[in-house]
Amino acid sequence: MQEIQDQLADISIQLAMELEEKNRLLDEYANDQPIEKVVQARIQQLAITKVLVKVHGRHKSHLIKAHCDLGESYIMCEFFEQALYHFSIAKEISAGLFEEYEDAKQFHPFILMMLGKCYIEQQKYTEALEYLDKALKMNEQHIDKDHISNINVITDLAFVYTKKSNYATALRLYSKAISIIEKSPEGKKETLASLCLDVAKTHEALGDWKEAIAFQQKALELLKGTEGIDHIVLANICVTLAEWCTKVKDHKTALDAIRGSVQAYEEAYGKTDVKTLRVKEKLAEVLYTGEKVEEAVDELKGVEEAERALFGNMNIKVGKLCRKLATWLKEISREEEAKEYMERSIKILGVKKVSVKKQDVNMSIDSGSRIKEAEPKVAY
């Protein structure tokens with residue numbers, strides 16, 4: 001009888017080792033697979049882990065990791081209810097291990113943070129605040145208030161407060177996160193830049209353009225010196241900076257920013273790609289706002305010609321650009337050109353069943369009239 005028991009024990013040990021090896025291989029497999037296959041791998045790992053714990057006596061802490069891994073993969077698939085289910089189970093297991101397993105206290109804040117993220121994605125901000133606040137308090141208690149591991153939960157909390165329009169609290173939290181990053185030897189410029197962009201957006205929501213611009217510029221400077229940064233990311237930051245600078249009539253900074261964006265888009269996509277043309281149109285608008293109307297007209301003419309070459313003479317976007325050109329040309333008393341562009345605009349937008357105001361039709365007759373800038377409404 002003892003011999004049989006020993007044989008069974010050996011078989012159990014061998015099976016457990018094989019299952020653990022299977023889990024290890026599934027981990028490797030999941031590293032470079034599409035998310036759908038990652039989910040399947042995590043489901044298999046959870047099933048294997050349940051067998052290892054319930055049959056082969058492995059510690060329950062393995063179940064925490066398996067549920068969390070599956071929960072994270074569901075978040076990546078945007079299956080938030082399923083993610084909530086698995087993180088909730090992980091939370092219950094983790095809470096039950098506090099007395100016997102010290103690492104559970106350190107891992108628990110991560111679980112709470114992920115539950116908070118799930119509720120953020122579902123736009124359930126009250127529930128998100130509850131879990132994120134608990135996560136931060138636990139992390140500060142078991143690690144340190146200024147530890148860099150607090151950054152993610154602090155920024156998530158700040159995001160939720162912006163969604164609840166509590167901008168003062170959000171800014172206080174962002175400031176705390178920035179302070180931690182700046183003090184920590186592990187702090188990265190990319191993380192600090194991302195926080196600066198979040199602060200800039202919060203000041204934008206408050207209409208505090210001076211502070212918004214300052215933090216946008218700080219983020220830009222941080223990222224410019226970062227190796228491997230996507231230049232289009234920088235370009236888009238510059239576009240936003242230009243828009244904000246225009247609001248405070250800082251036309252020089254706005255022009256410098258938007259011209260940098262145009263250059264980056266031209267290098268990435270070419271001079272006549274649609275994405276590049278959209279940024280060039282913004283450049284024209286910044287020039288116009290800065291009262292450089294002649295330059296704005298020249299820039300917008302180039303955009304209109306490129307749009308026409310790409311999409312044909314009767315494209316709606318071409319019609320809208322012609323309308324804008326007519327407006328600007330009228331302002332600098334280039335009446336004949338204004339008339340030509342307005343007639344082209346009316347021809348295109350009329351054919352496309354776009355409503356055009358009556359005063360626009362008559363603009364070429366009344367040389368003293370001023371064209372309205374409102375965009376025509378397109379009937380799709």
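Predicted model, so just to flag it, every value in this text is computed and none were measured. (Residues numbered from 1 in each chain as written. Predicted model: local features only at pLDDT ≥ 70, side-chain atom pairs only at ≥ 80, totals over all residues. Heavy atoms only, no water.)

(A) View of the confidence of the model for the protein chain. When pLDDT is averaged along the protein chain, the result is 88; 90% of the residues meet or exceed 70. For the stretch residues 353–380, pLDDT sits under 50, and the model shows 55 contacts to residues farther than four places along the chain or on other chains. (pLDDT = per-residue confidence, 0-100. Contact = heavy atoms within 4.5 Å.)

(B) Spatial organisation of unusual backbone geometry. Notably, glutamate 78 is not glycine yet its phi reads approximately 65°, a positive angle. Judged by relative accessible area, glutamate 78 falls into the exposed class, the value being 58%. Even without being a glycine, serine 333 presents a positive backbone phi close to 65°. Inspection of the secondary structure puts serine 333 in the loop between helix H15 (316–331) and helix H16 (335–351). (Buried < 20%, exposed > 50% of the residue type's maximum accessible area, 1.4 Å probe, protein only. Helix = DSSP H or I, 4+ residues; strand = E, 2+ residues; numbered from the N terminus.)

(C) View of the pattern of salt bridges. Following the criterion strictly, the structure yields 28 salt bridges and no others. In this structure, the salt-bridge partner of glutamate 285 is lysine 324, at a minimum N-O distance of 2.8 Å. One end of the pair, glutamate 285, is in helix H13 (residues 274–289); the other, lysine 324, is in helix H15, and 39 residues separate them in sequence. Glutamate 285 gets classed as partly exposed once you look at its relative accessible area, which sits at 29%. Each of Asp27, Arg42, Lys65 and Asp69 takes part in one network of salt bridges that share partners. (Salt bridge = Lys/Arg side-chain N within 4 Å of Asp/Glu carboxyl O.)

(D) Highlighting the nonpolar core. One finds Phe87, Leu132 and Ile258 to be the most contacted residues of the largest nonpolar core, which totals 105 residues. The element that contributes the greatest number of residues to this core is helix H11 (residues 231–247), accounting for 10 residues. The next biggest cluster of nonpolar side chains, apart from the first, holds seven residues, and it includes Leu26, Ala30, Ile48 and Leu52. (Core = buried A, V, L, I, M, F, W, Y, C linked by side-chain atoms within 4.5 Å.)

(E) Structural view of helix H12 (residues 251–269). Here H12 contains 19 residues, and its C-alpha end-to-end distance of 26 Å stays within 8% of the 27 Å for a straight helix at 1.5 Å per residue. The secondary structure elements touched by the buried residues of H12 are H11 and H13. Just downstream of H12, glycine 270 is the residue with a positive phi angle, here 100°. (Expected span 1.5 Å × (residues − 1).)

(F) Quick peek at the side chain of glutamate 307. With respect to the secondary-structure elements, glutamate 307 resides in helix H14 (residues 293–311). The class of glutamate 307 is buried, set by a relative accessible area of 0%. Within polar-contact distance, the side chain of glutamate 307 engages the side chain of arginine 278 at 2.3 Å. In this structure, glutamate 307 is in contact with Leu277, Arg278, Gly312, Lys317, Val318 and Leu321, ignoring residues within four places of it in sequence. (Polar contact = N/O pair within 3.5 Å; in protein donor to acceptor, adjacent residues only side chain to side chain.)

(G) Quick peek at the packing of aromatic side chains. Per the counting criterion, the structure on display carries six aromatic pairs. A ring pair is formed by tyrosine 119 and tyrosine 131, whose centres lie 5.8 Å apart and whose planes are at 10°; its orientation type is stacked. Placement of the pair is tyrosine 119 in helix H5 (residues 103–121) and tyrosine 131 in helix H6 (residues 125–142), with a sequence separation of 12 residues. Look at tyrosine 131 and you get buried, because its relative accessible area is 15%. Ring centres of tryptophan 209 and tryptophan 244 lie 6.1 Å apart, and the angle between their planes is 50°; this geometry places the pair in the tilted category. (Phe/Tyr/Trp six-rings, centres within 6.5 Å; stacked < 30°, edge-to-face > 60°.)

(H) Expanded view of the packing of helix H2 (residues 35–54) against helix H3 (residues 61–76). At a minimum axis separation of 9 Å, H2 and H3 run at an interaxial angle of 165°. As judged from the angle between their axes, H2 and H3 are roughly antiparallel. Here H2 runs over H3; the crossing is left-handed. Contacts between H2 and H3 involve Ile35, Val38, Val39, Arg42, Ile43, Leu46, Thr49, Lys50 and Val53 from the former and His62, Leu63, Ala66, His67, Asp69, Leu70, Ser73, Tyr74 and Met76 from the latter. Considering only residue class, the contact of H2 with H3 consists of 11 nonpolar, four polar and three charged. (Axes fitted to C-alpha atoms, helices over the stretch in contact; angles between N-to-C directions. Parallel < 35°, antiparallel > 145°, perpendicular 65-115°, else oblique. Left-handed = near helix turned anticlockwise from the far one by under 90°. Nonpolar A, V, L, I, M, F, W, Y, C, P; charged D, E, K, R; others polar.)

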